[in-house]
Amino acid sequence: MATTSSLTVLYPGSFDPFHNGHLDVVTQAAELFGSVVVAVMHNPDKPSGLIALADRVQLARRCTEHLVGVRVEAFPGLAVQAASATGVDFIVKGLRTPGDFEVEQQMAHTNHSVTGIRTVYLPCRADQAFISSRFIREIAQYGGKIDHMVPAPVVTTLAGIFGKPSGGNQGPA
Ligand code: PNS
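Residues numbered from 1 in each chain as written. Predicted model: local features only at pLDDT ≥ 70, side-chain atom pairs only at ≥ 80, totals over all residues.

Let us look at the overall build of the chain. The helix and strand tally for the chain stands at 6 helices and 5 strands. The helix and strand sequence of the chain, counted from the amino end, reads β-α-β-α-β-α-β-α-β-α-α. For 173 residues, the compact-globule estimate of 2.2 N^0.38 gives 16 Å, and the chain sits close to it at 16 Å. Taking the principal axes of the C-alpha coordinates as reference, the chain spans close to 45 × 35 × 30 Å. Per-residue burial for the chain yields a buried fraction of 35% across its 173 residues. In the chain, once contacts between residues fewer than 6 apart in sequence are set aside, the share between residues at least 24 apart is 73%. (Helix = DSSP H or I, 4+ residues; strand = E, 2+ residues; numbered from the N terminus. Rg over C-alpha atoms; globule rule 2.2 N^0.38 Å. Buried ≥ 20, exposed ≤ 12 C-beta atoms within 10 Å, placed from the backbone. Contact = placed C-beta atoms within 7 Å.)

Okay, structure coming up:
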């Protein structure tokens, strides 16, 4: 779908690792709004990340390089500070479950109270609503199949980290 919009939006996340649900949200946002800044950030609730921040940026870049209007950068601090620094029109978040909505609604209101930035939610694809970075990390750690949930560069990176094949024939998808 060709975009009719010329807005720029910020898509913040920890992307540890970037997965197919993230890719769907970035794709939707680029189609709907025109330009997307994927902000790779630190989540204070996840103090010990699996993949180094710089590597998460490189991975997200490789996974989105086929998309027009998308750039990926690391940002320190708050999402609202990244939004101000990049001059975006609003923040975009993907929603998988009602639980996501509760968390994101509080975050959106808090962020709006700090700088006035608005947040727009995009529903993730129904067939990808189960995908989460946390479970991907856990499955990859034990050599389970993840290649239906993440782009190919992430399969390779996680196999390198855990020294085991991830994405092989370990059972049904
Ligand atoms: O992919 P995640 O882990 O759900 O992303 C969460 C993230 C990184 C978007 C969130 O933790 C965040 O915005 N971190 C930056 C710090 C910040 O702005 N905190 C205030 C939130 S109201």
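Further remarks concern the site of the ligand. In the vicinity of the ligand, the contacting residues are Pro12, Gly13, Ser14, Met41, Asn43, Lys46, Leu78, Ala79, Met107, Thr110 and Asn111. Taken together, the elements giving at least two residues each to the shell around the ligand come down to strand E1 (7–13) and helix H4 (98–115). Top element by residues in the shell around the ligand is H4. It accounts for 3 residues. Here the shell around the ligand is built from residues that sort into 5 nonpolar, 5 polar and 1 charged. (Near = placed C-beta within 6 Å. Nonpolar A, V, L, I, M, F, W, Y, C, P; charged D, E, K, R; others polar.)

Before going further, it helps to examine the packing of helix H2 (residues 53–64) against helix H6 (residues 152–162). What describes two packed helices is the angle between their axes and the distance between those same axes. Contact pair H2 / H6: the axes reach a minimum separation of 8 Å and the direction vectors enclose 150°. The orientation of H2 relative to H6 falls into the category roughly antiparallel. Between H2, through Leu59, Arg62 and Cys63, and H6, the contact on the second element is made entirely by Pro153, Val154 and Thr157. Looking at side-chain class alone, the contact of H2 with H6 contains 4 nonpolar, 1 polar and 1 charged residues. (Axes fitted to C-alpha atoms, helices over the stretch in contact; angles between N-to-C directions. Parallel < 35°, antiparallel > 145°, perpendicular 65-115°, else oblique.)

Relative to the helices and strands, Gln128 is located in the loop between strand E5 (119–123) and helix H5 (133–141). With 18 C-beta atoms packed within 10 Å, Gln128 lands in the partly exposed category. Residues Gln128 and Glu65 lie 63 residues apart in sequence; the distance between their C-alpha atoms is 21 Å. In contact with Gln128, not counting residues within four places along its chain, are Asn20, Gly21 and Asp24.

Strands belonging to one sheet form pairs held by backbone hydrogen bonds; the direction of such a pair is parallel or antiparallel. Spatially, E3-E2-E1-E4-E5 is the arrangement adopted by the 5 strands of the open sheet, whose pairing is parallel. With one partner strand each, in any of the chains shown, strand E3 (70–74) and E5 form the two edges of the open sheet. The sheet shows a mean angle of 30° between the axes of neighbouring strands, direction not considered. Both E1 and strand E2 (residues 34–40) contribute to a ladder of 7 bridges, which runs parallel. Each bridged residue has a counterpart across the sheet, and for Leu10 the counterpart in E2 is Val37. The sheet contacts of H2 involve E2 and E3, and relative to E3 the element is tilted by about 175°. (Pairing = 2+ DSSP bridges.)

What follows is about the pairing of E5. For strand E4 (residues 90–95) and E5, the ladder comprises 5 bridges, and the chain directions are parallel. Note on E5: the bridge partner recorded for Leu95 is Pro123.

Turning next to unusual backbone geometry. In this structure, the amide linkage connecting Asp16 to the following residue, Pro17, adopts the cis form with an omega of 10°. Positive phi outside glycine occurs at Phe15, with the angle close to 50°.

Bringing the pairing of E1 into the picture now. Within a regular strand, side chains alternate between the sheet's two faces. Among the 7 residues in E1, 5 count as buried, and that is most of the element. As a crossover connection, the stretch from E1 through helix H1 (residues 20–33) into E2 is right-handed. When E1 meets E4, the two strands line up parallel, connected through 2 bridges. Paired with Val9 across the two strands is Phe90, which belongs to E4. (Right-handed = clockwise from strand over helix to strand, strands pointing away.)

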